[in-house]
Amino acid sequence: AQSVAQPEDQVNVAEGNPLTVKCTYSVSGNPYLFWYVQYPNRGLQFLLKYITGDNLVKGSYGFEAEFNKSQTSFHLKKPSALVSDSALYFCAVRPPGAGGSYIPTFGRGTSLIVHP
Amino acid sequence: DAGITQSPRHKVTETGTPVTLRCHQTENHRYMYWYRQDPGHGLRLIHYSYGVKDTDKGEVSDGYSVSRSKTEDFLLTLESATSSQTSVYFCAISESKSEGQPQHFGDGTRLSIL
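This report concerns the structure included in the present document. Remember, it's a predicted structure, so these values are computed and weren't measured experimentally. (Residues numbered from 1 in each chain as written. Chains lettered and ligands numbered in written order. Predicted model: local features only at pLDDT ≥ 70, side-chain atom pairs only at ≥ 80, totals over all residues. Heavy atoms only, no water.)

### What about the overall build of chain A?
Counting secondary structure elements, chain A contains zero helices and 12 strands. From first element to last, N terminus to C terminus, chain A shows the α and β order β-β-β-β-β-β-β-β-β-β-β-β. Its C-alpha atoms give chain A a radius of gyration of 14 Å, near enough to 13 Å, the size a compact globule of 116 residues would have. When the backbone C-alpha atoms are referred to their principal axes, chain A occupies close to 45 × 30 × 25 Å. Burial analysis of chain A (116 residues in total) assigns 43% to the buried set. Partitioning the contacts of chain A with sequence separation of at least 6, the portion at a separation of at least 24 is 58%. (Helix = DSSP H or I, 4+ residues; strand = E, 2+ residues; numbered from the N terminus. Rg over C-alpha atoms; globule rule 2.2 N^0.38 Å. Buried < 20%, exposed > 50% of the residue type's maximum accessible area, 1.4 Å probe, protein only. Contact = heavy atoms within 4.5 Å.)

### Some points on the sheet that holds strand 3 (residues 19–25) of chain B
Residue and element names in this part refer to chain B. Read from one edge of the open sheet, four strands run 1-3-8-7, paired in antiparallel fashion. The outermost strands of the open sheet, each flanked by one partner alone, are strand 1 (4–7) and strand 7 (64–70). Averaged over neighbouring strand pairs, the angle between their axes works out to 15 degrees when direction is ignored. Where strand 7 meets strand 8 (residues 73–78), five bridges bridge the pair, whose relative direction is antiparallel. Looking at the pairing, S67 lines up with L75 of strand 8. (Pairing = 2+ DSSP bridges. Axes fitted to C-alpha atoms, helices over the stretch in contact; angles between N-to-C directions.)

### A closer look at the interface of chain A and chain B
It is common to report an interface's size as the accessible area lost on association of the parts. Contact with chain A, which involves 26 residues of that partner, is made by 23 residues of chain B. When chain A packs against chain B, the two sides together hide about 1,900 Å² of surface, and 52% of this comes from carbon and sulfur. On the surface where chain A and chain B come into contact, there are one salt bridge. Measuring nitrogen to oxygen at the nearest pair gives 3.0 Å for the salt bridge that ties R42 of chain A to D107 of chain B. Listed by contribution, the elements that provide at least two residues to the side of chain A that touches chain B are strand 5 (32–38), strand 6 (44–50) and strand 10 (87–94) of chain A. (Buried area = accessible area lost by both parts, 1.4 Å probe. Salt bridge = Lys/Arg side-chain N within 4 Å of Asp/Glu carboxyl O.)

### Quick look at the state of the cysteines
Evaluation of the coordinates by the stated rule reveals two disulfides over all chains. Each sulfur in the disulfide pair C23 of chain A and C91 of chain A lies 2.0 Å from the other. Between C23 of chain A and C91 of chain A, the S-S dihedral sits near -65 degrees, and the bridge is therefore left-handed. Linking C23 of chain A in the loop between strand 3 (19–21) and strand 4 (24–26) with C91 of chain A in strand 10, this pair joins segments that are 68 residues apart in sequence. Covalent S-S linkage joins C23 of chain B and C91 of chain B, the inter-sulfur distance amounting to 1.9 Å. Across the S-S bond of C23 of chain B and C91 of chain B the torsion is about -70 degrees, and the bridge reads as left-handed. Separated by 68 residues along the polypeptide, C23 of chain B in strand 3 and C91 of chain B in strand 9 (residues 87–94) bring together distant segments of the chain. (Disulfide = S-S within 2.5 Å.)

### Focus: the environment of T13 of chain B
All names here are of chain B. For T13, the location among the structural elements is in strand 2 (residues 10–13). On the basis of relative accessibility, which here comes to 12%, the residue T13 falls in the buried class. If we skip the residues at most four places from it in the chain, T13 touches V19, L111, S112, I113 and L114. In this structure the side chain of T13 is engaged in a polar contact, spanning 2.7 Å, whose partner is the side chain of T17. (Polar contact = N/O pair within 3.5 Å; in protein donor to acceptor, adjacent residues only side chain to side chain.)

### Considerations on the nonpolar core
Of all hydrophobic cores here, the largest spans 27 residues; its most connected members are W35, L47, L48, F74, L76 and Y89 of chain A. Residue assignment for this core shows that the elements contributing at least two residues are strand 2 (10–14), strand 3, strand 5, strand 6, strand 8 (64–68), strand 9 (73–78), strand 10 and strand 12 (110–115) of chain A. When residues of this core are assigned to their parent elements, the largest contribution, four residues, is made by strand 10 of chain A. Within the second largest apolar cluster, 19 residues are counted, among which are L21, M32, W34 and I46 of chain B. (Core = buried A, V, L, I, M, F, W, Y, C linked by side-chain atoms within 4.5 Å.)

Printed below as a string of structure tokens:
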């Protein structure tokens, strides 16, 4: 069975500082990995994904994530945080080759708070 | 934004009453999903559909049923609502052309059962 862990319920960072939101996963085979962001009273919005290739993937709003197979991690990063980045972030994993039904498993979410 | 509309956006009802939530998409995507979001639990899959009249259970399907009679509509029904079903419900869709495609989410329905 696949699983995702987001070890931090909340991450606090000062505006202008780099941020990291952690995600580790467990899945058979090479995973498909995703990050989503949720703003208050909205649905989840896709940020970026790792399917194959370069371990560093870039996504929307200046976010990037690094896939580390040996550590089974997919941490979300941004070089310089903005107050507007404050939101709830979800990591998700699904195994490849499971057909088109695409049933991912989501982490519990990490609340990112960027202080002015 | 993907064309996904959830209705109603808010609902308050009483224990024991039936409740139906609607998800409507204009993207012609094959796959549709219902999730519930609760503090400390993240997103949990209730049911999903892989085509018209083709549905399957997720990890928290007890007390819920779904129907999909048209590609664009996916209904979630609570036959007899209980207070434990108070939650925020999200619909999501995804394409079938590529396994790496992300899901797209509606803005949710906040359901309170008193």
